[in-house]
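# Tertiary structure, described
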Amino acid sequence: PNSDGQEYACLGEPDDAFHQRMESLYEWLAGRPENVICLVCHWGVLKWLVGEELDNCDVRDIGFDRVRQIKEARITNHDEA
């Protein structure tokens with residue numbers, strides 16, 4: 001994401017590409033047969049998935065039902081806008 005006043009040496013990934021990549025990650029996670037997955041990633045990915053900012057090196061146990069609720073809320077909010 002390139003918002004919220006951050007300054008980067010490189011502008012990075014456009015927001016639409018980031019959201020498309022996150023949708024692909026979500027679909028991949030949703031299709032996994034495992035009951036437990038350890039996801040190691042940057043904070044922006046976790047913020048997109050779980051709707052909150054986590055500190056560096058944070059470890060959380062987050063059920064996929066919560067991730068699904070965040071995604072559904074994002075879709076609802078987008079449709080209402």
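Worth saying up front: this structure is predicted, and the values here are computed from it rather than measured.

Time to look at the packing of helix α1 (residues 15-30) against helix α2 (residues 43-50). Running from N to C, α1 and α2 point in directions that differ by 65 degrees, and their axes come no closer than 11 Å. In terms of their interaxial angle, α1 and α2 are classed as roughly perpendicular. The interaxial crossing formed by α1 with α2 has right-handed handedness. Across the interface between the two elements, Phe-18, His-19, Met-22, Glu-23, Leu-25, Tyr-26 and Leu-29 of α1 pack against Gly-44, Val-45, Trp-48 and Leu-49 of α2. Taken together, the residues of the contact of α1 with α2 sort by class into eight nonpolar, two polar and one charged.

Let's shift gears to the nonpolar core. Counting ten residues, the largest nonpolar core consists of Phe-18, Met-22, Leu-25, Tyr-26, Leu-29, Val-45, Trp-48, Leu-49, Val-50 and Val-67. For this core, the secondary structure elements donating two or more residues are α1 and α2. By residue number, the principal contributor to this core is α1, which donates five residues. Beyond its immediate stretch of four places on either side in the chain, Leu-29 contacts Ile-37, Leu-39, Leu-49 and Phe-64.

Counted by the stated rule, this structure contains one aromatic pair. Between Tyr-26 and Phe-64 the ring centres are 5.3 Å apart and the planes differ by 25 degrees, which places this aromatic pair in the stacked class. Placement of the pair is Tyr-26 in helix α1 and Phe-64 in helix α3 (residues 64-80), with a sequence separation of 38 residues. Phe-64 gets classed as partly exposed once you look at its relative accessible area, which sits at 24%. Here the guanidinium or amino end of Lys-71 rests over the ring plane of Tyr-26, the centre of that ring lying 5.0 Å away.

Relative to the elements of secondary structure, Lys-71 occurs in helix α3. In this structure the side chain of Lys-71 is engaged in a polar contact, spanning 3.1 Å, whose partner is the side chain of Glu-23. With residues near it in sequence (within four places) discarded, Lys-71 still touches Glu-23, Tyr-26 and Glu-27.

Cut-off values and rules
Residues numbered from 1 in each chain as written. Predicted model: local features only at pLDDT ≥ 70, side-chain atom pairs only at ≥ 80, totals over all residues. Heavy atoms only, no water. Axes fitted to C-alpha atoms, helices over the stretch in contact; angles between N-to-C directions. Helix = DSSP H or I, 4+ residues; strand = E, 2+ residues; numbered from the N terminus. Parallel < 35°, antiparallel > 145°, perpendicular 65-115°, else oblique. Left-handed = near helix turned anticlockwise from the far one by under 90°. Contact = heavy atoms within 4.5 Å. Nonpolar A, V, L, I, M, F, W, Y, C, P; charged D, E, K, R; others polar. Core = buried A, V, L, I, M, F, W, Y, C linked by side-chain atoms within 4.5 Å. Buried < 20%, exposed > 50% of the residue type's maximum accessible area, 1.4 Å probe, protein only. Phe/Tyr/Trp six-rings, centres within 6.5 Å; stacked < 30°, edge-to-face > 60°. Lys NZ or Arg CZ within 6 Å of the ring centre and 35° of its normal. Polar contact = N/O pair within 3.5 Å; in protein donor to acceptor, adjacent residues only side chain to side chain.

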